[in-house]
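Breakdown of the fold
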Amino acid sequence: MTQLEMIDTYRHKGLRKQLVEGIRQKGIRDESVLAALEKIPRHYFMDSSFLEFAYQDKPFPIGSGQTISQPFTVAFQTELLQMKKGMKVLEIGTGSGYQASVLAEMGARVYSIERQRKLYQKTKEFMTRLGYPVKLFLGDGYLGLPSFAPFDRIIITAAAPEIPQPLVDQLKPGGILVVPHGKDDIQHMLRIIKNADGTTKEESHGAFRFVPLLGDLGND
Ligand code: SAM
């Protein structure tokens, strides 16, 4: 497992710079998002067999039937969040911990929920060594974290057939939820903005393909 090594060479840094330049050319404008992607060694989050591919703009398997999202998708969802330093952000779908690390690098106070025990344990151990102060939870992301709510921002990193109402309830007024929404292979990236009176406004930001959110906690 390369994760144990955590060596970031000039070659890695160079490849990362090129990757970020490509993502900029695909339309990401938020410099704080681009800077976080350039800073974080994505290869730390991947198994050694995929090290060569860490700086291609593609998703990759991380075990337990899951993937680390494509870097452009991470940048796109993060840009939609319109985050500011110090915000309290909830992520659904910790996976490798890469998205959570991007948020932490940008100064967010990050809470992240993973449903699969094996991934949760592996990523918790890894994130402890990496040193980002991200709070990780094992549980069903549909339910959010009522005891830590409300959140300024919520990001869902798996496809949601329905918008989870508990998560909308856990958003602050003025808060933003970003979610790939849809029942089919292709989802629409929605940005849901909660108004001061608790009503919501929805914007659609194009088509993406995510692994689905998993339901029942017993299946891992
Ligand atoms: N954000 C991750 C990263 O940076 O590596 C990638 C997320 S991966 C595309 C989707 C993740 O959501 C998987 O790790 C999966 O196990 C998790 N997941 C699926 N259903 C879930 C649920 N109901 N609650 C929490 N996590 C869930």
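Below or above, wherever it landed, is the structure these notes cover. None of these values were measured; they are calculated from a predicted model.

A few words now on the overall build of the protein chain. Helix and strand content of the protein chain: 6 helices and 9 strands. Against the 2.2 N^0.38 benchmark of 17 Å for 220 residues, the protein chain shows a C-alpha radius of gyration of 16 Å, consistent with a compact globule. Once the C-alpha set of the protein chain is aligned to its principal axes, its extents read approximately 50 × 40 × 35 Å. A sequence separation of at least 24 residues applies to 54% of the contacts in the protein chain between residues at least 6 apart. Total accessible area computed for the protein chain in this model is approximately 10,400 Å², and 54% of it derives from carbon and sulfur atoms. Distance between charge centroids for the protein chain: 5 Å, based on 28 positive and 25 negative side chains.

Okay, helix 4 (residues 98-105) next. Most of helix 4 sits out of view: 7 of its 8 residues are buried. Buried within helix 4 we find Tyr98, Gln99, Ala100, Ser101, Val102, Leu103 and Ala104. Just downstream of helix 4, Gly107 is the residue with a positive phi angle, here 95°.

Below, the discussion takes up the sheet that holds strand 4 (residues 109-114). Read across the open sheet, the 7 strands follow the order 5-4-3-6-7-8-9; overall the sheet is mixed. In this open sheet, the two strands that pair with only one neighbour each are strand 5 (135-138) and strand 9 (200-208). Between one strand and the next, the sheet's axes are offset by a mean angle of 15°, whatever the strand orientation. As paired elements, strand 7 (residues 171-181) and strand 8 (residues 187-194) share 6 bridges and run antiparallel to each other.

Per the counting criterion, the structure on display carries 12 salt bridges. The salt bridge partner of Asp8 is Arg16, with a shortest N-O separation of 2.8 Å. Its salt-bridge partner being Glu105, residue Lys39 comes within 3.4 Å of it at the nearest N-O pair. With Lys39 in helix 2 (residues 31-39) and Glu105 in helix 4, this residue pair connects regions lying 66 residues apart in the sequence. Connected via shared salt-bridge partners are Asp8, Lys13 and Arg16.

Our next topic: the site of the ligand. The full set close to the ligand counts 25 residues, and Glu91, Ser96, Glu114, Gly141 and Leu214 are the nearest of them. Interatomic distance of 2.5 Å between a side-chain N/O atom of Glu114 and an oxygen atom of the ligand. Between the ligand and the protein, one listed contact pairs an oxygen atom with a side-chain N or O atom of Gln116 at 3.2 Å. For the ligand, the protein covers 99% of the area, taking 600 Å² as the surface of the free molecule. Put simply, the parts of the chain that give the shell around the ligand at least two residues each are strand 2 (66-68), strand 3 (88-92), helix 4 and strand 4. The element best represented in the shell around the ligand is strand 2, accounting for 3 residues. Among the residues making up the shell around the ligand, the classes are represented as 8 nonpolar, 13 polar and 4 charged.

Reading the values: the criteria
Residues numbered from 1 in each chain as written. Predicted model: local features only at pLDDT ≥ 70, side-chain atom pairs only at ≥ 80, totals over all residues. Heavy atoms only, no water. Helix = DSSP H or I, 4+ residues; strand = E, 2+ residues; numbered from the N terminus. Rg over C-alpha atoms; globule rule 2.2 N^0.38 Å. Contact = heavy atoms within 4.5 Å. Areas by Shrake-Rupley, 256 points an atom, 1.4 Å probe, with all protein chains shown as cover. Lys, Arg positive; Asp, Glu negative; His and termini not counted. Charge placed at Lys NZ, Arg CZ, Asp CG, Glu CD. Buried < 20%, exposed > 50% of the residue type's maximum accessible area, 1.4 Å probe, protein only. Pairing = 2+ DSSP bridges. Axes fitted to C-alpha atoms, helices over the stretch in contact; angles between N-to-C directions. Salt bridge = Lys/Arg side-chain N within 4 Å of Asp/Glu carboxyl O. Near = heavy atom within 4 Å. Polar contact = N/O pair within 3.5 Å; in protein donor to acceptor, adjacent residues only side chain to side chain. Nonpolar A, V, L, I, M, F, W, Y, C, P; charged D, E, K, R; others polar.

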